[in-house]
Each structure stands twice: as structure tokens, then as C-alpha cells.
Amino acid sequence: MVKYSLIAEQLSYEGTLRPEQFYTPTLLTEDVVLGTHTPDYWHRLKTLALSPSEVRRSGFPLSAQLVVRELTIAQGTLWLAHHALAHGCGLNVAGGTHHAYADRAEGFCLLNDQALAANALLRQGCVQQVLIVDLDVHQGNGTAALFAHEPRVFTFSMHGAKNYPAHKEQSDLDIALPDGTPDGPYLEALASALPRLLDAIRPDLVFYLAGVDVLATDQLGKLALSPQGCRERDRFVLQSLYDRNLPVVVCMGGGYSKRVADTVNAHCETFRLAERIYGH
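Residues numbered from 1 in each chain as written. Predicted model: local features only at pLDDT ≥ 70, side-chain atom pairs only at ≥ 80, totals over all residues. Heavy atoms only, no water.

Undergrad: Explain the overall build of the protein chain here, please?
TA: A tally of helices and strands in the protein chain yields ten helices and six strands. In terms of overall size, the protein chain behaves like a compact globule, its C-alpha atoms giving a radius of gyration of 17 Å where 280 residues would be expected to give roughly 19 Å. For the C-alpha atoms alone, the extent of the protein chain along its principal axes is close to 45 × 40 × 40 Å. Across the 280 residues of the protein chain, 55% fall into the buried class. (Helix = DSSP H or I, 4+ residues; strand = E, 2+ residues; numbered from the N terminus. Rg over C-alpha atoms; globule rule 2.2 N^0.38 Å. Buried < 20%, exposed > 50% of the residue type's maximum accessible area, 1.4 Å probe, protein only.)

Undergrad: Mind showing me how you'd approach the nonpolar core here?
TA: Burial of nonpolar side chains together is a common tendency in soluble globular proteins. Counting residues in each nonpolar core, the largest one holds 47 residues, and the members touching the most others are Leu135, Phe156, Met158 and Val248. What Phe156 contacts, discounting residues up to four positions off in sequence, is Ile132, Val133, Asp134, Leu135, Leu173, Ile175, Leu190, Ala193, Leu194 and Leu197. Ranked by size, the runner-up nonpolar core spans 35 residues in total, among them Leu45, Leu71, Ala105 and Ala118. (Core = buried A, V, L, I, M, F, W, Y, C linked by side-chain atoms within 4.5 Å. Contact = heavy atoms within 4.5 Å.)

Undergrad: Would you take a moment to explain the packing of aromatic side chains for this structure?
TA: The way to describe two aromatic rings as a pair is by their centre distance and the angle between their planes. In this structure the tally under the stated criterion is three aromatic pairs. Residues Tyr242 and Tyr278 carry aromatic rings whose centres are separated by 5.3 Å and whose planes lie at 85 degrees to one another, so their mutual orientation is edge-to-face. With Tyr242 in helix α9 (residues 227-243) and Tyr278 in helix α10 (residues 260-278), this pair connects stretches of sequence that are 36 residues apart. Given the relative accessible area of 32%, Tyr242 is considered partly exposed. Given the relative accessible area of 15%, Tyr278 is considered buried. Stacked on the ring of Tyr256, the Lys or Arg Lys3 has its end atom at 5.8 Å from the ring centre. If you follow Arg104 out to its NZ or CZ, it ends over the ring of Tyr101, 3.7 Å from the centre. (Phe/Tyr/Trp six-rings, centres within 6.5 Å; stacked < 30°, edge-to-face > 60°. Lys NZ or Arg CZ within 6 Å of the ring centre and 35° of its normal.)

Undergrad: Would you take a moment to explain the side chain of Asn92 for this structure?
TA: With respect to the helices and strands, the residue Asn92 is situated in strand β1 (residues 89-92). Within the local environment of Asn92, its side chain forms a polar contact with the backbone oxygen of Ile73, the two atoms lying 3.2 Å apart. Within the structure, the side chain of Asn92 is placed 2.9 Å from the backbone nitrogen of Ala94, a separation counted as a polar contact. When sequence neighbours within four positions are dropped, the list of residues in contact with Asn92 reads Ile73, Gly76, Thr77, Leu80, Val250, Cys251, Met252 and Phe271. (Polar contact = N/O pair within 3.5 Å; in protein donor to acceptor, adjacent residues only side chain to side chain.)

Undergrad: Help me understand the environment of His267, please; the structure alone is not making it clear to me.
TA: Along the chain, His267 falls in helix α10. Of the residues examined, His267 reaches a relative accessible area of 0% and is grouped as buried. Sequence separation of His267 and Gly142 is 125 residues, and the distance between their C-alpha atoms is 23 Å. Discounting chain neighbours no more than four positions away, the residues touching His267 are Lys3, Ile7, Ala210, Val212, Met252, Gly253, Gly254 and Gly255.

Undergrad: Mind showing me how you'd approach the layout of surface pockets here?
TA: It is the rolling of a water-molecule-sized probe over the atoms that shows where space remains empty. The calculated volume of the largest pocket comes to roughly 780 Å³. Taken together, 28 residues line the largest pocket, and the ones lying closest to its centre are Gln21, Phe22, Tyr23, Leu80 and Leu91. Listing elements by their share of the lining of the largest pocket, those giving two or more residues are α1 (2-14), α5 (64-87), β1 and α10. Element by element, the count of residues in the lining of the largest pocket is highest for α5, at eight residues. Residue composition of the lining of the largest pocket, grouped by class: 16 nonpolar, nine polar and three charged. (1 Å grid on protein atoms, 1.4 Å probe; cavity = no way out; pocket = protein on both sides within 12 Å on 5 of 7 lines; lining within 4 Å. Points joined across faces, edges and corners; volume = space filled by probe spheres on them. Nonpolar A, V, L, I, M, F, W, Y, C, P; charged D, E, K, R; others polar.)

Undergrad: I keep staring at the sheet that holds strand β3 (residues 153-160) and nothing clicks. Help me out?
TA: Across a sheet, strands are paired by hydrogen bonds formed along the backbone, either parallel or antiparallel in direction. Sheet architecture is open: six strands sit in the order β1-β6-β5-β2-β3-β4, paired in parallel fashion. At either margin of the open sheet sits one strand with a lone partner, and together these are β1 and β4 (173-177). This sheet shows a mean twist of 10 degrees between the axes of neighbouring strands, independent of strand direction. The pairing of β1 with strand β6 (residues 248-251) spans four bridges and is parallel. Along β6, the bridge assignment pairs Asn92 with Cys251. Lying over the sheet, helix α6 (residues 113-124) contacts β2 (130-134), β3, β5 (205-209) and β6, oriented at roughly 175 degrees with respect to β5. (Pairing = 2+ DSSP bridges. Axes fitted to C-alpha atoms, helices over the stretch in contact; angles between N-to-C directions.)

So, in C-alpha cells, the structure goes:
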């Protein structure tokens with residue numbers, strides 16, 4: 001959890017971001033929550049009435065503060081989506097809660113922030129076609145299930161084949177990689193899929209989940225990317241989007257290296273690249 005504050009502190013300290021570039025979101029409103037999650041689940045979540053087994057599945061001890069945190073993250077992603085549509089790019093220091101389903105929490109995810117934002121924008125008529133590029137090491141199972149019958153949202157997940165979750169949902173495009181995949185094959189798979197996808201889908205907005213749990217140092221990842229490989233992944237994604245004039249919302253997703261500094265620096269590289277590519 002400490003990585004989130006450290007990312008902001010590091011980016012401010014090194015001068016990559018200025019204080020006025022940060023935004024503190026309010027709480028997501030209930031009507032937006034109910035545009036993605038079921039009324040029964042939301043009621044039990046906000047009243048802290050989840051069953052013990054549901055709490056265990058979430059991975060977090062349930063508390064009012066945790067619910068506020070989830071609402072804050074999701075509102076941040078929604079606000080950044082509007083910002084990206086106007087200015088090209090927005091990044092959430094947290095976000096990417098892609099294991100949350102409409103009716104349940106899973107894997108440290110209680111509310112699915114990118115799904116909430118995508119559904120809100122579609123209802124508002126701000127976009128007609130959305131693409132979710134999920135490069136966290138774990139499949140975005142909740143996101144895939146939420147949009148299984150929604151043609152206006154295309155879900156692409158490239159993840160570890162044998163990693164969590166044990167049961168994978170079907171995204172619109174899944175690329176499952178074997179344990180130990182290093183930089184070369186990983187980047188080749190991405191370069192083979194992403195440009196063709198962008199040109200075929202022609203989305204109005206892209207949500208990018210830039211999990212750094214693909215690193216070889218990650219305790220939960222099982223892949224073998226170097227810091228340079230992870231950086232090149234982000235550069236390739238962001239440059240591909242910029243070259244096509246596509247707005248993007250970036251969420252951090254997972255990162256669990258034993259040395260917190262390895263995780264924080266990899267996340268900071270995502271911000272540095274976005275500033276360099278979209279900020280010039």
C-alpha cells in the first residue's frame with residue numbers, strides 16, 4: 001500500500017510533475033456505482049455487510065475507510081477519463097481494480113474503476129467505443145466478465161497463463177504467456193497484437209492498466225521482464241496511442257517486488273514516459 005504515496009512523492013521530488021498537475025478526487029456517486037455493480041452487492045459493501053467468505057475473497061479487511069478509498073480511486077479514474085478526452089492523457093497513481101465483478105470483490109479489488117468509468121462515459125454519450133489494454137500480469141477477469149456482452153468496450157488482456165486467477169474469463173482478446181517469459185518474447189507478442197488492434201477497433205478512448213508485476217523481481221508475477229523491458233512496454237503502448245491521436249487513461253495496477261523501490265521506480269517510469277510523450 002505504501003507504494004502509492006511514494007510514487008507521488010518521488011515524481012514531485014524529481015520534478016517530473018508539479019503540484020498543480022495533481023488532482024485529489026471526490027467520492028464516486030452512487031448512481032455511477034450502480035451503473036456497473038449490482039444493487040445488492042453495493043448495499044452490502046457500503047454497509048460493511050459482506051460475508052466472511054466474501055471478505056476473504058476480497059483480500060482486504062473490510063472497513064468504511066476501505067470503501068471510501070475505492071470510491072476515491074474510481075472517481076479519480078472517471079475524472080481522468082474526462083481529462084484525457086480533453087487533453088490527451090491522464091494517470092491515476094492507483095487504480096486498475098480489474099478483478100472486481102458486478103456482484104463481488106476479488107483479489108484486492110472491490111469496485112472496478114475502469115469499468116465504472118467506461119460505463120459512465122458510454123451512458124453520457126462522451127464516447128462510442130472504448131478499448132481496455134490490460135497488461136497487468138494477472139488476467140482482468142472481472143473486467144472481461146463485465147463487458148462480455150458489451151460490443152462498445154473491447155477488452156484485451158496479456159497476462160501470465162498460470163497465474164491468478166485460476167479460472168480465467170474470456171476477454172475479447174487474451175494473450176496468455178508462459179512462466180518466465182523475458183523481455184524479447186513479451187515485447188514481440190505486444191508488438192504483434194496492439195497496433196493491429198488499435199487500427200481495427202479505432203477507439204475513442206483507451207484505458208491502459210500498466211501493472212509492473214511483470215517484473216522478474218515481482219513476488220507474485222512469474223514473468224521475467226527487466227526494468228528496461230517494462231519501460232519499453234510502456235513506451236511502446238503510449239507512443240502507439242499518441243501516434244494515432246488516441247486519448248488514454250493509465251492506471252497503475254499491481255506491483256509486488258520485494259524491494260518497494262523496484263516497484264515504485266517502475267511505476268514512476270510510466271509517468272515519466274507519459275509526460276515525455278503526451279506532454280511535449
